[in-house]
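Next come the chains, spelled out residue by residue.
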Amino acid sequence: MMVENDGVCFKAALKMLSRNGFVLKIFLSLLLVSNIASGQAADSCNAITASMNYTVRSVSIKGRFVPDVLQQKAEQIIGVETLFDPARLGPAQEEIRTALVSSEQNFFMRFVKQSSSVLYIYTKVCPVVTDSTSRQVSVEIFPYYLGVDLVSIGDNILPIPRSARPVFFTQLPPILRITAPIAGFYNDRNYGPAIFVRTNTDLLHVLGKPSGNKNNGLWHLNFGLQIRKSLSQSFNDIGTGFELNRSDFNVKNLGWSLGGYYGHQSLPLGKEESTRNMFGLNAGITGIRRLLVFSKYAVNAGFRYSRNDFGDQARQFVSERGLRIAFIGDSRIGQGMSRFGIYFDDNLPKNFGSGKSYQRLSSNLGYNTVIGKEHNNIDMEVLAGGGLSWGNVPLYNQFWSGNGARNFMYESLSGMGNQGYSPGPSVRSLGENEGGIRNPLGYLQGGSAYWHINLNLSIPIRAWARPLIPDIVISETARRRSTLRSALKGVVETTKNAIISDLIDNDSLPDNEETEKIADNIVNRDIRPTINFLADRANVYAIKPVALFDMVRLYNDGNSKTWYAAGAGLQVIIINAKLQAGYMHTLSPASDHHKGNFFVKLTVSDFY
């Protein structure tokens, strides 16, 4: 489709990528060639014509990891040290667009990064020498790129790109392509300051090389590693695992996975330390077909064997076998996203108490929404949960109150963090697993049941934020003003027909109104809200003060204890780093009035 308007020529190319089984892979490419045309107002930049006899001094592409070959091609097409001709800008931009599309089709990008993207290319031509003997111009090519992971949207977390500038993935250092690392810093009063690292490698597509068979792209053999180590205590949490999955889930099929893992944990437990070595097997399914109120969901089950070392007076050693099942479902409610999770496990300790099994049941319900317009929004997040247990539960599997490293709302839908057990009651004025109840003998123990409510409210400050997508004017007439943001959102309207074709060709659905309704649902549920959010609300950086409130009640053997805590902090997002830091103070009970917790969590991802 070719559209011309007031000297602006743009081509919207819609193309279905081969699907690697997450969702429909929709590639949206919006290319706007330089806005140099007759009738344009005179300006020091972008007002230079061929008749002015300017010489091209330099050509630069404003991207990350730009290949030398592409840079040389752009210089050759535009003609460095030759007379400037605006007609050469279009072919140079087309060369860049082709290189970005080719790079995006690389399997690594589709697996680790996003599954849908929008590209806009703008060229700026400015005079650099204007004396009578030498008239030269510099040519700067700015690709604005918006990538979206439509699967992670269903994971209740929108991965805001670190920049609107594109990455040429084929030029990434091999270590980044292989491991896709995430690193960060964590701190609370019980665990102490700590660093963590997480990596993920698809062994079937090492270095992100695309498969020759499109069906091979649906298979993944993932090897993951995660490490969290306290810098001031002996605590650590190390895990590694393999997972084979076929991710061809869509409106007709379910995805599935099989995996195994090994882990070692040395964690705080009240005032003591609990050590666990474990291995387990997992199996799960993932779907995007509507199920009750859920638009995306994951069901997983597994077996775990563990050896546990714990005790506050005399150390105990318990080996244990356990079975568990979990359901996680996501849905959109109004302008926000919600997540519901329910977990059940049955465990049989070998040398503890009567040797009988015990069971635990817990659930969480979270909701996150934005209040306001454009890029300065109030973010509100509410999390509620509860749980109970039956039988003689060892200390290490009782419910303990405290701050936690996991975040139920923002773990991957089918990731390891949500395949295990419920994180338990959260009160951030305490350290990790610090809050318990004293029994009649004075020993601290966890709870057999609990409920909790947590509230976060972040307040925007306009001067402390910058939009991800600049408000660049593409064209303007007396009747209409088109900006980069509106163009990005407008391209979404062109996706419906491509989705219908994909449903008919790849999912064997009939060519009728029902299939059209399915396509409408996909666009309205996933694509349009996501692109609108990134265009209108997302920031490259934002600093927001946050108000925090927690309420937790813990029960055990007829006794109970309630914590109220309040505090404040900062939420800081700067490019690819996210910092959550603050102080929570215990308001009640009186015995814990002196307890407060400085908590910090810094996460750095998308090193590319």
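Cut-offs used in this document
- Residues numbered from 1 in each chain as written.
- Predicted model: local features only at pLDDT ≥ 70, side-chain atom pairs only at ≥ 80, totals over all residues.
- Heavy atoms only, no water.
- Helix = DSSP H or I, 4+ residues; strand = E, 2+ residues; numbered from the N terminus.
- Buried < 20%, exposed > 50% of the residue type's maximum accessible area, 1.4 Å probe, protein only.
- Contact = heavy atoms within 4.5 Å.
- Areas by Shrake-Rupley, 256 points an atom, 1.4 Å probe, with all protein chains shown as cover.
- Core = buried A, V, L, I, M, F, W, Y, C linked by side-chain atoms within 4.5 Å.
- Salt bridge = Lys/Arg side-chain N within 4 Å of Asp/Glu carboxyl O.
- pLDDT = per-residue confidence, 0-100.
- Arc of directions from axis to C-beta.
- Phe/Tyr/Trp six-rings, centres within 6.5 Å; stacked < 30°, edge-to-face > 60°.
- Pairing = 2+ DSSP bridges.

Caption draft 1: Expanded view of the overall build of the protein chain. Across its full length, the protein chain carries nine helices and 27 strands. The buried share of the protein chain, taken over its 608 residues, is 51%. Within the protein chain, contacts between residues separated by at least 24 positions form 66% of all contacts whose residues are at least 6 apart in sequence. Put simply, the protein chain shows about 26600 Å² of open surface, and 57% of that area lies on carbon and sulfur atoms.

Caption draft 2: How the structure looks around the environment of lysine 595. Structurally, lysine 595 is set in the loop between strand E26 (577-588) and strand E27 (596-604). Judged by relative accessible area, lysine 595 falls into the buried class, the value being 11%. Sequence separation of lysine 595 and leucine 430 is 165 residues, and the distance between their C-alpha atoms is 6.9 Å. Every residue in contact with lysine 595, bar those within four places of it in the chain, is listed here: Arg189, Lys271, Ser429, Leu430, Glu434, His585 and Thr586.

Caption draft 3: Representation of the nonpolar core in the model. Of all hydrophobic cores here, the largest spans 19 residues; its most connected members are Ile78, Phe84 and Val139. Breaking this core down by element, the ones donating at least two residues are strand E4 (55-61), helix H1 (68-78), helix H2 (89-104), strand E5 (116-130) and strand E6 (135-148). Residues Phe399, Leu548, Leu554 and Met584 belong to the second largest nonpolar core, which totals 13 residues.

Caption draft 4: Region of the structure containing the pattern of salt bridges. Going through the model one piece at a time under the given rule, you end up with twelve salt bridges. Glutamate 434 is the salt-bridge partner of arginine 189, the closest N and O atoms lying 3.0 Å from each other. Taken together, the residues span a long stretch of sequence, with arginine 189 in the loop between strand E7 (182-187) and strand E8 (194-202) and glutamate 434 in the loop between helix H6 (416-419) and strand E18 (437-438) at a distance of 245 residues. Under the relative-accessibility criterion, arginine 189 is labelled partly exposed at 37%. Between aspartate 550 and arginine 428 there is a salt bridge, with the nearest N and O atoms lying 2.6 Å from each other. Remark: arginine 428 occurs in the loop between H6 and E18 and aspartate 550 occurs in strand E24 (residues 539-556); sequence separation between them is 122 residues. By relative accessible area, aspartate 550 is classed as buried at 0%. What emerges from the salt-bridge pattern is a single network uniting Arg189, Lys271, Glu434 and Lys595.

Caption draft 5: Representation of the confidence of the model for the protein chain within the structure. Counting all residues, the mean pLDDT for the protein chain is 76, and 75% of those residues have values of 70 or more. Summarising per-element confidence for the protein chain, the mean pLDDT is lowest in strand E1 (residues 2-5) (27) and highest in strand E20 (residues 449-458) (93). In the predicted structure, residues 151-164 sits below a pLDDT of 50 and forms 58 contacts with residues beyond four places in sequence or in another chain.

Caption draft 6: View of the side chain of threonine 199. For threonine 199, the position within the fold is in strand E8. Residue class for threonine 199 comes out buried when judged on its relative accessible area of 18%. Beyond its immediate chain neighbours, meaning those up to four positions away, threonine 199 contacts Thr179, Ala180, Pro181, Phe223, Gly224 and Leu225.

Caption draft 7: Local environment of H1. Within H1 the residues assigned to the buried category are Leu70, Gln71, Ala74 and Ile78. Down the axis of H1, the smallest arc covering the buried residues is 100 degrees, so these residues share one side. Across from the buried face of H1, at angles greater than 90 degrees, the exposed residues are Asp68, Val69, Gln72 and Gln76. Positive backbone phi, approximately 90 degrees, marks glycine 79, located one or two places after H1.

Caption draft 8: Fine view of the packing of aromatic side chains. Tallying each qualifying case throughout the model produces ten aromatic pairs. Ring centres of tyrosine 191 and phenylalanine 235 lie 5.6 Å apart, and the angle between their planes is 35 degrees; this geometry places the pair in the tilted category. Note that tyrosine 191 is positioned in the loop between E7 and E8 and phenylalanine 235 in the loop between strand E9 (219-230) and strand E10 (236-246), a separation of 44 residues in sequence. Phenylalanine 235 shares its class with tyrosine 191; the two are buried.

Caption draft 9: Representation of the environment of isoleucine 461 in the model. Inspection of the secondary structure puts isoleucine 461 in the loop between E20 and strand E21 (465-467). For isoleucine 461, a relative accessible area of 28% corresponds to the partly exposed category. Placed 82 residues apart in sequence, isoleucine 461 and isoleucine 543 show a C-alpha to C-alpha distance of 7.2 Å. Residue contacts for isoleucine 461: discarding those within four places in its chain leaves Asn376, Ile543 and Pro545.

Caption draft 10: Looking closely at the pairing of strand E11 (residues 255-269). When E10 meets E11, the two strands line up antiparallel, connected through eleven bridges. Across the sheet, glycine 239 pairs through a bridge with glycine 263, a residue of E11. Pairing between E11 and strand E12 (residues 272-287): 15 bridges, direction antiparallel. Within E12, the position partnered with glycine 259 by the bridge is asparagine 282.

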